[in-house]
Amino acid sequence: MKQTQRHLEILDVLTRQGFVSTEDLVSHFDVSPQTIRRDLNDLAEQNKIRRHHGGASLHSSTVNTAYSARKVMQLKEKERIAREVAANIPDGSSLFIDIGTTTEAIARALLDHRELRIVTNNLNVASILTAKDDFTVIIAGGEIRNRDGGIVGEATRDFIGQFRMDYGVIGISGIDGDGSLLDFDYHEVKIAQAIIAHSRQVFLAADHTKFGRNAMVNLGHLNQVHALFTDQSPPEKLMRIMAQHQIACHIC
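If you check an unreviewed UniProt entry, the protein appears there as DeoR/GlpR family transcriptional regulator from Aeromonas bivalvium.

**Things to note about unusual backbone geometry**
Look at Asp 30: it is not a glycine, yet its phi comes out positive at around 55 degrees. One can find Asp 30 in the loop between α2 (22-29) and α3 (33-45). The backbone phi angle of Glu 115 is positive, close to 55 degrees, even though this residue is not glycine. Turning to its location among the elements, Glu 115 is positioned in the loop between α6 (101-109) and β5 (117-120). With relative accessibility at 49%, the residue Glu 115 sits in the partly exposed group.

**Considering the pairing of strand β2 (residues 49-52)**
Consecutive side chains of a regular strand alternate in pointing toward one face of the sheet and then the other. Note that β2 and strand β3 (residues 55-58) share four bridges and pair antiparallel. Within β3, the residue paired with Arg 51 across the bridge is Ala 56. Remark: two residues form the turn of the hairpin made by β2 and β3, two consecutive strands paired antiparallel; Gly 54 in that turn has positive phi of roughly 90 degrees.

**Quick notes on the packing of aromatic side chains**
Summed over the entire model, instances satisfying the criterion amount to three aromatic pairs. When the centroid spacing of 5.4 Å and the interplanar angle of 50 degrees are considered together, the rings of Phe 159 and Phe 163 count as tilted. When its relative accessible area of 22% is taken as the criterion, Phe 163 is described as partly exposed. Where Tyr 167 meets Phe 203, the ring centres are 5.1 Å apart and the plane angle is 45 degrees; that geometry is what we call tilted. Of this pair, Tyr 167 sits in strand β9 (residues 165-170) while Phe 203 is found in strand β12 (residues 199-205), placing the two residues 36 residues apart along the sequence. On the accessibility criterion, Tyr 167 (10% relative accessible area) is buried. According to the relative accessible area criterion, Phe 203 is buried, its value standing at 5%. Through successive ring pairs, a cluster of aromatic residues spans Tyr 167, Phe 203 and Phe 229.

**Thoughts on the sheet that holds strand β11 (residues 180-183)**
One open sheet holds the three strands; their spatial order is β10-β11-β13, and the pairing between them is antiparallel. On the outer flanks of this sheet lie β10 (174-175) and β13 (217-221), each paired with one strand and no other. Relative to β11, β10 is paired through two bridges, and the arrangement is antiparallel. By the bridge assignment, Ile 175 is partnered in β11 with Leu 181. Sheet contacts for helix α9 (residues 186-197): β11 and β13; angle to β13, the most-contacted strand, approximately 15 degrees.

Reading the values: the criteria
- The numbering scheme is per chain: residues are counted from 1 as the chain's sequence reads.
- Only residues with pLDDT of at least 70 are given local features in this predicted model, and only at 80 or more are side-chain atom pairs given and counted; all residues enter the totals for whole chains, interfaces and linings.
- To get the side-chain values, take all heavy atoms of the structure and skip hydrogens and water.
- Counting from the N terminus, the helices are DSSP H or I runs at least four residues long and the strands are E runs at least two residues long.
- Classification of residues uses two cut-offs on accessible area relative to the type maximum, computed with a 1.4 Å probe and protein chains only: under 20% is buried, over 50% is exposed, and between them is partly exposed.
- Any two strands are treated as partners once DSSP identifies two or more bridges connecting them.
- The aromatic pairing rule takes the rings of Phe, Tyr and Trp, using the six-membered ring of Trp, and pairs them if the centres are within 6.5 Å, calling planes under 30 degrees apart stacked, those over 60 edge-to-face and the rest tilted.
- In this analysis, two residues are considered to be in contact whenever any of their non-hydrogen atoms come within 4.5 Å of each other.
- Between N-to-C directions, angles cover 0 to 180 degrees, with each direction set by a line fitted to C-alpha atoms, over the stretch in contact for helices.

This is the structure in structure tokens:
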């Protein structure tokens, strides 16, 4: 198969799936991993896709990658970030945990803690944390999204507003070069804003693929968080913003 045709088929697969692994493409086209990596690099240079460790996803500022795909993207990086976030949350703390695959990894990393009190709008997080008898887990009310177990809506935002927690743990879809925090879902953003407003400290967990990633809804600004947990050094411009606002940067 010619390279041009292979590129078109890769884009077609991504349109249907949102994410595809390098291994799956090697099997699909019966070519070497080096060939597929070159194809993905070419498409990324043309700004048609986003490269990830082990695969690729589509560029979009309006539609996020499917939840099933995000669960396996940057998995090792998310686990490292999760362990570092957990290490900075003491036993006996109270915390919000938001929607997202990174926050679900953080929930798993917290299972060695004792006597945590958690409010979450994420059914997957709640399911993970109820394994601990000494945890108190409170689920926010609202509408459940079938695609990812997230709970959103005005009722959810109002429920969050009843609490004042030690920590707010949030993820994000993109961090713009000026420090803007960006996401895809207006309703989800409203919940994250409420978590920020009602937390004494805000921990933002975001792997390096979120730096410079575009999304259409403005959640807020990096200067609203107390610490960023990531797996690679952020771009210099973001580092200057964090230094200016005394935001801790944990590179895991």
